[in-house]
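What the coordinates show
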Amino acid sequence: MKVLPLLVVAMGVVAWEATAQDAQCVRERVAMVEAIRAYARSAAGVLGQQGLSEKVLEAVAQTKRHLFIPEQSCSIAYADRPIPIGLGQTISQPYIVALMTQLAEVAPDHVVLEVGTGSGYQAAILAQLARKVCSIEIIPQLAETAAKTLRDLAYDNVSVRLGDGYDGWPECGPFDAVVVTAALGEPPPPLIEQLKVGGRLVMPVGPGYGTQQLTVVEKIAPGKTTTRAVALVRFVPFYAFAKLEARVEQVERVRSVSLATARSAVRWA
């Protein structure tokens with residue numbers, strides 16, 4: 001008969017700890033949003049005097065970033081910096097996520113394509129502003145984890161697909177906005193083709209693992225676009241399936257050579 005009270009106490013402690021963590025996360029998230037707001041004001045040359053819109057900041061404030069990283073730590077999640085999520089990928093700096101969302105000019109009736117789901121964090125923010133978000137991820141583990149996280153958090157207007165984002169997602173389009181979260185030397189033509197007239201593509205343009213230009217491509221007529229560079233950024237490289245397979249083969253070759261060298265050393269030792 002003494003077990004029940006102890007169980008109740010234990011459950012109460014767990015509930016208290018969960019509540020305390022939630023409160024900490026809320027405080028950290030509020031501080032992060034204020035840091036983003038201040039950063040946007042100081043970078044008026046990028047966004048103009050209007051800065052980031054309140055609807056974008058509200059979407060950021062409502063998104064539980066700590067649930068999109070492996071550690072689920074509030075102190076880590078709400079720092080205004082990128083965070084590794086494994087497999088050589090990162091969740092972008094919150095300010096950059098907000099900036100790209102602002103530049104995409106997403107409206108409530110829009111259909112948005114995201115190339116590079118990653119953790120699902122950017123998709124979650126877009127989902128609060130758009131009618132539908134179609135997100136493509138090339139790495140199976142990330143696609144599976146992001147889809148589950150978004151589903152568990154009831155982002156029902158987001159569809160995640162495993163695939164090569166270079167070719168877009170024609171069946172889900174055409175798109176009012178396209179957000180690409182990996183760097184490439186130039187915007188992929190299929191993505192511009194799937195963009196509606198008046199739509200915008202936002203992506204980092206430049207070499208992988210170097211400095212790129214965050215770029216906005218606006219489709220002003222069929223076959224006609226305007227392009228402007230907004231800010232210097234650093235994103236992971238864009239991988240098409242062929243490049244990803246080549247990278248895997250390269251890693252395997254290096255591993256095989258290393259093992260062969262080790263075995264040879266053992267034989268001669």
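Structural data are supplied above this passage.
Presented here is a report on the structure given in the accompanying data block. Remember, it's a predicted structure, so these values are computed and weren't measured experimentally.

Below, the discussion takes up the state of the cysteines. Throughout the structure, instances matching the rule amount to two disulfides. Here Cys25 connects covalently by a disulfide to Cys74, the sulfurs 1.6 Å from one another. Taken together, the residues Cys25 in helix 1 (residues 3-42) and Cys74 in helix 4 (residues 74-77) connect sequence positions 49 residues apart. Here Cys25 matches Cys74 in class, with each residue buried. Sulfur-sulfur distance for the disulfide between Cys134 and Cys172 comes to 1.9 Å. On the sign convention where negative means left-handed, the S-S torsion of about -60° between Cys134 and Cys172 marks this disulfide as left-handed.

A large share of helix 5 (residues 94-104) lies buried, amounting to eleven of its eleven residues. All of the buried residues along helix 5 are Pro94, Tyr95, Ile96, Val97, Ala98, Leu99, Met100, Thr101, Gln102, Leu103 and Ala104. Within two residues after helix 5, Glu105 carries a phi angle of roughly 50°, on the positive side.

The strand order 5-4-3-6-7-8-9 describes an open sheet built from seven strands, whose pairing is mixed. In the strand order of this sheet, the two ends are held by strand 5 (158-162) and strand 9 (224-233), each with one partner. Neighbour-to-neighbour, the strand axes of this sheet turn through a mean angle of 15°, independent of strand direction. Relative to strand 6 (residues 175-180), strand 3 (residues 111-115) is paired through four bridges, and the arrangement is parallel. Each bridged residue has a counterpart across the sheet, and for Val115 the counterpart in strand 6 is Val180. The strands touched by helix 5 within the sheet are strand 6, strand 7 (195-205), strand 8 (212-221) and strand 9, with strand 7 carrying the most contacts at an inclination of about 155°. Helix-sheet contacts for helix 7 (residues 140-152) involve strand 4 (132-137) and strand 5, and the interaxial angle to strand 5 is about 165°.

Cut-offs applied
The numbers attached to residues start from 1 for each chain and follow its sequence in the written order. Where local features are concerned, this predicted model is filtered to residues with pLDDT of at least 70; where side-chain atom pairs are given and counted, the filter is 80 or more; whole-chain, interface and lining totals use all residues. The basis for every side-chain value is the complete set of heavy atoms in the structure, and neither hydrogens nor water enter the calculation. Cysteine sulfurs are considered disulfide-paired once they come within 2.5 Å of each other. In DSSP terms, a helix is any run of H or I states spanning at least four residues, a strand is any run of E spanning at least two, and both are numbered starting from the N terminus. Here the term buried applies to any residue with accessible area under 20% of the maximum for its type, exposed to any over 50%, and partly exposed to those in between, with areas from a 1.4 Å probe on protein chains only. Should DSSP find at least two bridges between two strands, the strands are regarded as paired. Every angle, taken between N-to-C directions, lies between 0 and 180 degrees, and every axis is a line fitted to C-alpha atoms, over only the stretch in contact when it is a helix. By definition in these notes, contact holds between two residues if any of their heavy atoms fall within 4.5 Å.

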